[in-house]
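Below, each chain spelled out in residue letters.
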Amino acid sequence: MDRNPSPPSSDAEDEQAAGDSIGNTVYSKHWLFSILTKLIEVISPEKSDSNSNLEEVQTELDEEMENDICKMWDMSMDENVALFLQEFNAPDIFMGVFAKSKCPRLIEICVGILGNMACFQDICMSISKDDNLGQMLLQHLCDSDSPTLLETSRLLLTCLSQAEVANIWVERIRENPSVYDCVCFIMSSSTNVELLVKVGEVVDKLFDLDEELMLNWIKNGSCQSVGQSTDDSPEERPDFKIVPCVLEAAKQVRSDNPEGLDVYMRILQLLTTVDEGIQAIVQSSDGGKETWTLLYDLVCHELCQPDDPPIIIQEQKSVLASILSVLSAMFASQIQQEYVKRRKNMPLIGSLIRILQNMEDCGKRSFDNSKKSQPEETEKLGTVEEDFHLKILKDICCELLSNMLQELTKENILEGLNQGHLNEQKCSCAFQNLLPLYFTSVESFLEVLREADQTLADSLEKRFPSLRLQT
């Protein structure tokens, strides 16, 4: 099915008169209770005397039953219905489904209903505190059914996003090492973009909430995982490492889902906030080359390109900030590596300057627009927020650019001038943004520039007198 069927309404006037509607909705208590009863019957061993018939019931749903349960799924988005389901112990019934059913579609729907119910704080608290239910849900991260994995990830993200219960789930996940293997397996092998995005959001949230868990996962690449299916012998279990798995998922989502790419770049950025994370990136089997190549390619060939309007920087500011932050950390620690050597970095330097140029252009347009009209207070707050995120991007961009400029040789600069990555306008933009904070870097670059192009160096000194006074 492309979508779940529309939920049923209680059209019978006699039912409504008898108080059959749930809360202030038009949904029928009697109908909903009958579906819960059918669910119990579906998973009941007494349903059939024949094991083969039971097996058939568990692996497939008849069309009418599937339609009815899907209607309940849609209905569960309403708080009144969610509370009704909670009151009649629907989570316990779903636990029975998880324990006894072998029907992927049925399990997917039941996890999906729990995900809808968890959107409401009190119900989320009740679901989260049930350790048996929590353990069963985490086991579904190892499921082979992609729709079930998607709904499980959605449920986990919903719970992790609620401060009152987030720590319960973080602790539960920390105590279940198999979650690491399951998540890494999904990121490294799935081609389902929607699933990869949702799993990425879960990992992003986990790392943001708990640095200790992130450190455990960084170090977990060589650890034997527990809690896996006994079908896998130890020698057949992959030795998952977090960085290659994140990179593989990023490659899958980069073209189809910009928001997903943003998520995976944030995960990489979070890894660089601890020394162990940076080392995990730069001390991988290829010395970090794969990470650098992917991020370099995104900046130089996909994001904020010359034919894009300057306003594109507003759409891409978050993902660019994450990418440049990781590149900056790698550049600082891997300057001697072949893949970050100066000769190959002129396109990246040109891209950094283009990002700064676009930010300047957006800033001028915002200033011009503010002079023409008086925005409402909420719009002013929105503008401040936009400026804040752009400032973060600018700070990260300037730090990386300053470090790269200091490493340029005369040959690098000549190459940059010949290929158009450097000219007077671009150098002026770089100086304008780097000074006075990165004066030493600009001074070092200007000294080498004199060897490559004395005329350009003199012109820049005239435009920035502070440089001439201190040289």
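Everything numeric here is computed off the predicted structure, so don't read it as measured data.

Chemist: So what about the overall build of the protein? Which residues, and what values?
Modeler: Scanning the protein for helices and strands turns up 26 helices and 0 strands. Residues counted as buried form 51% of the 471 residues belonging to the protein. In the protein, the share of contacts with a sequence separation of at least 24, taken over all contacts with a separation of at least 6, comes to 76%.

Chemist: Break down the confidence of the model for the protein for me, with residues and values.
Modeler: In this model, the protein carries a mean pLDDT of 86, and residues with pLDDT of at least 70 account for 83%. Here helix 1 (residues 13–17) is the element of the protein with the lowest mean pLDDT, 47, and helix 13 (residues 193–209) is the one with the highest, 98. Here residues 1–5 is modelled with pLDDT under 50, and outside its nearest four sequence neighbours on either side it reaches 13 contacts, counting other chains as well. Of the regions scoring below 50 in pLDDT, residues 222–235 engages in 14 contacts with residues more than four places distant in sequence or in other chains.

Chemist: Which residues make up the pattern of salt bridges, and what values go with them?
Modeler: Inspection of every chain in the model, using the stated rule, returns 16 salt bridges. In this structure, Asp-204 engages Arg-266 in a salt bridge whose closest nitrogen and oxygen atoms are separated by 2.8 Å. Of this pair, Asp-204 sits in helix 13 while Arg-266 is found in helix 16 (residues 258–271), placing the two residues 62 residues apart along the sequence. For Asp-204, a relative accessible area of 11% corresponds to the buried category.

Chemist: Just give me the short version of helix 15 (residues 242–253), but keep the residues and values in it.
Modeler: The α-helix winds at 3.6 residues per turn, so residues separated by three or four positions along the chain end up facing the same way. Under the 1.5 Å per step criterion, the end-to-end length of helix 15 is 17 Å for 12 residues, consistent within 8% with the ideal 16 Å. For helix 15, the secondary structure elements touched by its buried residues are helix 12 (178–189), helix 13, helix 14 (211–219), helix 16, helix 17 (275–282) and helix 18 (289–301).

Chemist: For the state of the cysteines, give the residues involved together with the corresponding values.
Modeler: Enumeration over the complete set of coordinates arrives at 1 disulfide. Across a sulfur-sulfur distance of 1.8 Å, Cys-142 and Cys-182 are joined as a disulfide pair. Taken together, the residues span a long stretch of sequence, with Cys-142 in the loop between helix 9 (131–139) and helix 10 (146–160) and Cys-182 in helix 12 at a distance of 40 residues. Not part of a disulfide, Cys-124 finds its nearest cysteine sulfur in Cys-159, a span of 3.8 Å. A relative accessible area of 0% means that Cys-124 is categorised as buried. Here Cys-184 is not disulfide-linked; the sulfur of Cys-245 is the nearest cysteine sulfur, at 4.0 Å.

Chemist: A description of the side chain of Arg-254 should follow, citing residues and the corresponding values.
Modeler: Within the fold, Arg-254 resides in the loop between helix 15 and helix 16. One polar contact links Arg-254 to Asp-297, side chain to side chain, over a distance of 2.9 Å. One polar contact links Arg-254 to Glu-302, side chain to side chain, over a distance of 2.2 Å. Those residues within four positions of Arg-254 in sequence are excluded, and the remaining contacts are Leu-261, Leu-294, Asp-297, Leu-298 and Glu-302.

Chemist: Can you explain the environment of Ile-109? Please cite residues and give values.
Modeler: Locating Ile-109 in the fold gives a position in helix 7 (residues 104–117). The spacing of Ile-109 and Thr-148 is 39 residues in sequence and 7.9 Å in space, taken between C-alpha atoms. Those residues in contact with Ile-109 that lie beyond four places of it in its chain are Glu-66, Ile-69, Cys-70 and Trp-73.

Chemist: Describe in detail helix 2 (residues 29–43), supporting the description with residues and values.
Modeler: If you check helix 2, its first and last C-alpha atoms are 22 Å apart, about what 15 residues at 1.5 Å a residue would give, namely 21 Å. Looking only at helix 2, the buried set comprises Trp-31, Leu-32, Ile-35, Leu-36, Leu-39, Val-42 and Ile-43. Around the axis of helix 2, the buried residues are gathered within 140° of arc, so they sit on the same side.

Chemist: Help me get a handle on the packing of helix 24 (residues 439–452) against helix 25 (residues 454–463), residues and values and all.
Modeler: In the contact formed by helix 24 and helix 25, the axes pass within 6 Å of each other and the chain directions differ by 140°. Compared by their axis directions, helix 24 and helix 25 come out oblique. Where helix 24 abuts helix 25, its residues Leu-446, Leu-449, Arg-450 and Ala-452 lie against Gln-454, Leu-456, Ala-457, Leu-460 and Glu-461. Looking at the contact of helix 24 with helix 25 residue by residue, the classes come out as 6 nonpolar, 1 polar and 2 charged.

Chemist: Go over the packing of aromatic side chains, please, and point to the residues and values.
Modeler: Taken as a whole, this structure holds 8 aromatic pairs when the rule is applied. Ring geometry for Phe-33 and Phe-88: centres 5.3 Å apart, planes at 70°, overall edge-to-face. Highlighted residues: Phe-33 in helix 2 and Phe-88 in the loop between helix 5 (79–87) and helix 6 (90–100), separated in sequence by 55 residues. Relative to Phe-464, the ring of Phe-431 lies with its centre 5.5 Å away and its plane at 65°, an arrangement referred to as edge-to-face. Separated by 33 residues along the polypeptide, Phe-431 in helix 23 (residues 424–434) and Phe-464 in the loop between helix 25 and helix 26 (465–469) bring together distant segments of the chain. Each member of the pair Phe-431 and Phe-464 is classed as buried. A network of ring pairs unites the aromatic residues Phe-33, Phe-84 and Phe-88 as a single cluster. Across from the ring centre of Trp-169, 4.6 Å away, lies the NZ or CZ of Arg-172, which sits over that ring.

Rules of the game
Residues numbered from 1 in each chain as written. Predicted model: local features only at pLDDT ≥ 70, side-chain atom pairs only at ≥ 80, totals over all residues. Heavy atoms only, no water. Helix = DSSP H or I, 4+ residues; strand = E, 2+ residues; numbered from the N terminus. Buried < 20%, exposed > 50% of the residue type's maximum accessible area, 1.4 Å probe, protein only. Contact = heavy atoms within 4.5 Å. pLDDT = per-residue confidence, 0-100. Salt bridge = Lys/Arg side-chain N within 4 Å of Asp/Glu carboxyl O. Expected span 1.5 Å × (residues − 1). Disulfide = S-S within 2.5 Å. Polar contact = N/O pair within 3.5 Å; in protein donor to acceptor, adjacent residues only side chain to side chain. Arc of directions from axis to C-beta. Axes fitted to C-alpha atoms, helices over the stretch in contact; angles between N-to-C directions. Parallel < 35°, antiparallel > 145°, perpendicular 65-115°, else oblique. Nonpolar A, V, L, I, M, F, W, Y, C, P; charged D, E, K, R; others polar. Phe/Tyr/Trp six-rings, centres within 6.5 Å; stacked < 30°, edge-to-face > 60°. Lys NZ or Arg CZ within 6 Å of the ring centre and 35° of its normal.

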